[in-house]
Amino acid sequence: AELAWRADDVLAAVAEGTLRVAVGGRYPLAEAAAAYADLESRRSQGKLLRGFTKIVHKFCAANAGHPHLASYVAQLNALNQQWGELTTQVGMAAMKNPDEVGAASVDYLMYSGYIILGYLWLRMALVAQAQLDSGSGDADYCQGKLATNEFYFKRLLPRTAAHRAAIEAGSDCLMKLPAEIFAL
């Protein structure tokens, strides 16, 4: 049920125009190399990411003074800003060395996923806190949402630091071994 609710949120944002999905091109599987080349040459600019980070930024600005959740809002806001900076950093490195994109890809996706889930958990926590404050809704359920949000922000979201460090390590250590060694 929650997945359907979240999907409805995303589709509503698309319908309202606050989230725009632009497909820059479609490639058959046989042209995967061309798709990769377009990413590498920055013909694909990450407009969706910029749109999403803007939504998160506005969300954080609107909730920065929340009496119960301000520390989580600040944490998410800092990581959202860092996400944009890290994206630029990887893009700039990739312009000099295309191997940087591949080297960063898994950790970048993990980093991105943690921030996206942090945003979604914080949205749920705000709704749960509002229901508790107003006396509406199931108090135990709302407390569960708040406790899970706290767990996520204190125990899982900090993993972004390790992913950031791996991304910033670059591709050098991955490319030091000659290809022949992999055939052993």
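Just so it is clear, the model here is predicted, and its values are computed rather than measured. (Residues numbered from 1 in each chain as written. Predicted model: local features only at pLDDT ≥ 70, side-chain atom pairs only at ≥ 80, totals over all residues. Heavy atoms only, no water.)

Draft legend 1. Geometry of the pattern of salt bridges. For the structure shown, the criterion picks out 2 salt bridges. With a shortest N-O distance of 3.0 Å, E168 and R164 are connected by a salt bridge. Note that E168 and R164 are positioned in helix α7 (residues 160–168) at a spacing of 4 residues, about one turn of the helix. Accessibility expressed as a relative area gives 36% for E168, which makes it partly exposed. (Salt bridge = Lys/Arg side-chain N within 4 Å of Asp/Glu carboxyl O. Helix = DSSP H or I, 4+ residues; strand = E, 2+ residues; numbered from the N terminus. Buried < 20%, exposed > 50% of the residue type's maximum accessible area, 1.4 Å probe, protein only.)

Draft legend 2. The arrangement of α7 in detail. All buried positions along α7 are accounted for by T160, H163 and I167. Projection of α7 onto a plane perpendicular to its axis shows the buried side chains occupying an angular sector of 60°, all on one side. Residues of α7 that are exposed and point over 90 degrees away from its buried face: A161 and A162. If you follow the buried residues of α7, they end up packed against α4 (70–96) and α5 (99–134). Once α7 ends, the next one or two residues include G170, with phi positive near 80°. (Arc of directions from axis to C-beta. Contact = heavy atoms within 4.5 Å.)

Draft legend 3. View of the nonpolar core. Ranked by size, the top nonpolar core spans 32 residues in total, and within it L76 and L122 carry the most contacts. For this core, the secondary-structure elements that each account for two or more residues are α3 (47–63), α4, α5 and α6 (139–156). The dominant element in this core, judged by the number of residues it contributes, is α5, at 12 residues. Here L76 is in contact with V56, F59, C60, I115, G118, Y119, L122 and F153, once residues within four sequence places are set aside. (Core = buried A, V, L, I, M, F, W, Y, C linked by side-chain atoms within 4.5 Å.)

So, to be careful, I would describe these as geometric facts and stop short of saying anything about function.
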